[in-house]
Amino acid sequence: MRTIDLRGRELSPADMLAAVPRATQARAEALDTAARLVDDVRERGEEALREQAERFDRVTGHAVRVPASHLQEALEGLAPTVRAALEEAIRRVRSASAAQVPAPQVTRFGDGATITQRWQPVSRVGVYIPGGKAVYPSSVVMNVVPAQVAGVQQIALASPPQADEDGRVHPTILAAAALLGVSEVYAMGGAGAIGALAHGVGSLGLDPVDVVSGPGNNYVASAKRAVAGVVGTDSEAGATEILVVADATSDPRLIAADLVSQAEHDEQASAVLVTDSAEIAEQVRGEVERQAGRTRHSERVAAALSGPQSAIVLVDDRAMAVAFSNAYAPEHLELHLADAEEAAAAFTSAGALFVGDQTPVSLGDYMAGSNHVLPTGGQARYAPGLGAYTFLRPQQVVSYDRAALAAVREGVVALADTEVLPAHGEAIEARFTA
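- In the annotation of an unreviewed UniProt entry, the protein chain is listed under the name Histidinol dehydrogenase and assigned to Microbacterium paraoxydans.
- Among the UniProt annotations of the protein chain, the heading Sequence similarities (unreviewed entry) holds the following wording: "Belongs to the histidinol dehydrogenase family."
- In its Catalytic activity (unreviewed entry) section, the UniProt record describing the protein chain reads: "L-histidinol + 2 NAD(+) + H2O = L-histidine + 2 NADH + 3 H(+)".

Below is the structure:
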């Protein structure tokens, strides 16, 4: 990992972002390709999906709509320890997601005049589960459970067909879907799958969804942008990011382990350490080299850690570390600080915040109860991670009786006349004239 020394410099948020550039070129290249793949599925449906499966997944002749028997077989073959872990993760995520559903609120402007704020679930959701370099049954939990908690009645799940599984979706993903009662599953991957969920595919019995959610690579994230406006989407969760803020009291071994853990996702993964301790910086560098070399996906990890998107950043003090982190707005933020609990309030821009050295990102990936589908690329400045609220629409229900309407009659007419929209006022007056 390279070191970037920002000490002794007055930097704007833009300067800080420029110091550790994200892998934006890959995203830019993916956007055009993803849009073409989405359009192809919109125009040619199942035929396009099968061509894309052959091209990208090396699969032909597979069942795109997964038979119920495949789901049942996968569930029966699930290892008991994995099933127990998934069931516990489901329980925790369900409990945490329930806190994200607001209760209806009624505002009263006197007798007979109310506005009720309610949150309605969308009718139909499409969730995407990656299946390239790793298998993500945990993402099934993270996407499906919040939708179910929100009250969504129809959930369609898509995941790439696997060449080494005779074109089936990975059995662990199928088993997780079965555990959650999801029966509408499709063996399709990448940008084409996002297009299919958004536009529907008649020959498969796949109706368009209202919201598409789920993590994926840059092509999946770009495909979401291509279908935005046709359907709702969660944040464009691209290649993973971890930013660790550490002080002189931190444990270099644990920091390195957490950086490596996220780098193993993808060669474009971002791993950043921000610290005001030069000694910790050097110790972490050594630990990263040692741990990265012995992990299973060492080549992938090495590519991610040596890329321009990863770095050790030296800052003057805590204030500068806070400023850098809030400007960068990472997907995952870990605080390895002596006063981590007290310091957490200052770190306002992150997809999820992991406080203290006993709260690693990998805990959040699986069993914390939090959701691991989070905004990347700096979107945490303005976008939330996935939650029950992703699948809810706030609605205002307005109810006035005649007396309540009469109380504001004059004001409505006056404003309508001011805006030269006399028919608006006339619609009010019609209720008080014969």
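**Considerations on the nonpolar core**
As a rule of thumb, nonpolar side chains are buried together in soluble globular proteins.
Okay, step 1: In terms of nonpolar packing, the biggest core is built from 38 residues, with Val140, Val144, Leu157, Val182, Val185 and Phe391 touching the most fellow members.
Okay, step 2: Only α4 (68-76), α5 (80-98), β4 (124-128), α6 (137-150), β5 (154-159), α7 (171-179) and β6 (184-187) provide two or more residues apiece to this core.
Okay, step 3: Looking at which element gives the most residues to this core, the answer is α6, with 7 residues.
Okay, step 4: One finds Val64, Leu197, Ala198 and Val227 within the second-largest nonpolar core, a separate group that totals 27 residues.

**Let's talk about the sheet that holds strand β1 (residues 3-5)**
Okay, step 1: Strand order in the open sheet formed by 6 strands is β1-β11-β10-β9-β12-β13, with parallel pairing between adjacent strands. Because the sheet does not close on itself, it has two edges, and the strands there are β1 and β13 (352-355). Pairs of neighbouring strands in the sheet enclose a mean axial angle of 20°, with direction left out of account.
Okay, step 2: The sheet strands contacting helix α10 (residues 252-263) are β9 (241-246), β10 (270-275) and β12 (332-336), and the helix crosses β9 at an angle near 170°.

**Some thoughts on the environment of valine 64**
Okay, step 1: Here valine 64 is to be found in the loop between α3 (46-57) and α4.
Okay, step 2: For valine 64, a relative accessible area of 3% translates into the label buried.
Okay, step 3: Here the alpha-carbon distance between valine 64 and methionine 188, two residues 124 residues apart in the chain, equals 6.5 Å.
Okay, step 4: Not counting residues up to four positions away in its chain, the partners in contact with valine 64 are Arg50, Val185, Tyr186, Ala187 and Leu204.

**Considering a nonpolar patch on the surface**
Okay, step 1: Taken together, the side chains of Phe109, Val398, Tyr400 and Val408 define a hydrophobic patch exposed on the protein surface, amounting to about 380 Å² of accessible area.
Okay, step 2: With respect to the helices and strands, the residue phenylalanine 109 is situated in the loop between β2 (105-108) and β3 (113-121).

**Quick word on the packing of helix α16 (residues 402-418) against helix α17 (residues 422-429)**
Okay, step 1: Packing of α16 against α17 leaves a shortest axis separation of 8 Å and a crossing angle of 165°. Between α16 and α17, the angle is such that the two are roughly antiparallel. Judged by the sense of rotation from one axis to the other, the crossing of α16 with α17 is left-handed. Residues Leu405, Arg409, Val412, Val413, Ala416 and Asp417 of α16 form the contact with α17, whose participating residues are Pro422, His424, Gly425, Ile428 and Glu429.
Okay, step 2: Of the residues belonging to the contact of α16 with α17, the class tally is 6 nonpolar, 2 polar and 3 charged.

The rules we used
Residues numbered from 1 in each chain as written. Predicted model: local features only at pLDDT ≥ 70, side-chain atom pairs only at ≥ 80, totals over all residues. Heavy atoms only, no water. UniProt positions renumbered as here; feature names shortened; annotations may be inferred. Core = buried A, V, L, I, M, F, W, Y, C linked by side-chain atoms within 4.5 Å. Buried < 20%, exposed > 50% of the residue type's maximum accessible area, 1.4 Å probe, protein only. Helix = DSSP H or I, 4+ residues; strand = E, 2+ residues; numbered from the N terminus. Pairing = 2+ DSSP bridges. Axes fitted to C-alpha atoms, helices over the stretch in contact; angles between N-to-C directions. Contact = heavy atoms within 4.5 Å. Patch = residues over 30% accessible without salt bridge, like charges linked within 9 Å, V, L, I, M, F, W, Y side chains within 5 Å. Areas by Shrake-Rupley, 256 points an atom, 1.4 Å probe, with all protein chains shown as cover. Salt bridge = Lys/Arg side-chain N within 4 Å of Asp/Glu carboxyl O. Parallel < 35°, antiparallel > 145°, perpendicular 65-115°, else oblique. Left-handed = near helix turned anticlockwise from the far one by under 90°. Nonpolar A, V, L, I, M, F, W, Y, C, P; charged D, E, K, R; others polar.

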